[in-house]
Amino acid sequence: MSDSTVTDPEGREKVTVPRTVTGERTGSVRERLRRRPGRPRLWFEILLTGVSYWVYSLIRNAVPEQKAEALRNADGIWRLEHHLGIAVEASVNHAADAVTWLIIAMNYYYATLHFVITIAVLVWLYRWHPGRYGAARLVLFATTGVALLGYYLFPLAPPRLMRGGHFVDTVMVHQTWGSMASGDLKHMSNQYAAMPSMHIGWSLWCGLTVFALASVPWVRVLALLYPAATLVVIVATANHFWLDAVGGAACLTFGFGVAWLWYGRLPGALPRGVDGGVDSRADRVDGGVEPVPDAETKSKSRAGSR
């Protein structure tokens, strides 16, 4: 369609643009601005994930271990929790430590599952939800990245290192392996980076992602139980306060915000497949994006509106 010229009653000419053209132009601009997920490359994702975690660990451990300030902050958190009536970490810690098999299992849970489950969810997304993988990965990376600010700006000692807190360092007592927080490996990790808890940040990311995208009911239930169990574990092993978990949840909220700003939608609202994939057209409808009608559909629509 071309522009048309009309003359108003006063003799002035005006150029009018047909509404259909304007709508098409607006829609095309929106489509160009909306970032479409591409097909992830396996070698790149493995390299990116490995390098990103290495950089995260390097920066986290490079943050000065400000012991005196971290201990003062821990005392402040403990007082705040007493004021809020939620300072029951010591009771949970001692109750779990009284059951040897349980606390040993929790020690290994704390040391391993936040790696294993997170990687497993990434692999699941890559294989079964490639169109949503990039956005979900961005949520995880942004969550982890902003946590570094917390470690630097608010050094915090975990409960097990508090002065007079009467907490049990369960790894030291039961001599379990694998934890970077206690024992011989503690010298390789910053001991005063408890706020926010990335065990909670990552487990919530895993749980919410699987709950939103999985179709099997029992899998969705397990997805929600995972961060709940992680919360109990980080407190029972005296590695975190309740409020550290709140910090982890806040970081995850930031991560979802970054993904929403970048993609215009949350990961679950994106198409499951990618452009050119087998199910990409159907997934766009399911994901909330209408497919662009072809010429025949447009002509039928115009004929029906006359």
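Everything in this summary refers to the structure shown in the same document.

What counts, and at which threshold
Residues numbered from 1 in each chain as written. Predicted model: local features only at pLDDT ≥ 70, side-chain atom pairs only at ≥ 80, totals over all residues. Heavy atoms only, no water. Helix = DSSP H or I, 4+ residues; strand = E, 2+ residues; numbered from the N terminus. Buried < 20%, exposed > 50% of the residue type's maximum accessible area, 1.4 Å probe, protein only. Salt bridge = Lys/Arg side-chain N within 4 Å of Asp/Glu carboxyl O. Axes fitted to C-alpha atoms, helices over the stretch in contact; angles between N-to-C directions. Parallel < 35°, antiparallel > 145°, perpendicular 65-115°, else oblique. Left-handed = near helix turned anticlockwise from the far one by under 90°. Contact = heavy atoms within 4.5 Å. Nonpolar A, V, L, I, M, F, W, Y, C, P; charged D, E, K, R; others polar.

### With respect to the side chain of T170
Here T170 shows up in helix α7 (residues 170–174). For T170, a relative accessible area of 0% corresponds to the buried category.

### A short note on the pattern of salt bridges
A side chain of one charge can pair with a side chain of the opposite charge when the charged atoms of the two come close. A full pass over the atoms with the stated rule returns 3 salt bridges. Between R137 and E45 there is a salt bridge; the shortest N-O distance is 2.6 Å. With a gap of 92 residues between them, R137 in helix α6 (residues 130–153) and E45 in helix α2 (residues 42–62) connect regions that are remote in the sequence. For E45, a relative accessible area of 6% translates into the label buried. In this structure, the salt-bridge partner of D75 is R163, at a minimum N-O distance of 3.3 Å. Here R163 lies in the loop between α6 and α7 and D75 lies in helix α3 (residues 67–84), a separation of 88 residues in the sequence. For D75, a relative accessible area of 21% gives the class partly exposed. Exposure remark for R163: the relative accessible area of 53% places this residue in the exposed category.

### A few points about the packing of α6 against helix α10 (residues 242–263)
Packed helices, taken two at a time, are described by the angle their axes make and the gap between the axes. Closest axis-to-axis distance for the α6/α10 pair is 7 Å, and the angle between their directions is 135 degrees. One way to sum up the angle between α6 and α10 is to call them oblique. Judged by the twist between their axes, the crossing of α6 over α10 is right-handed. Contacts between α6 and α10 involve G134, A135, L138, V139, A142, T143, V146 and A147 on the former and, on the latter, C251, L252, F254, G255, F256, V258, A259, W262 and Y263. Of the residues in the contact of α6 with α10, the class split is 14 nonpolar, 3 polar and no charged.

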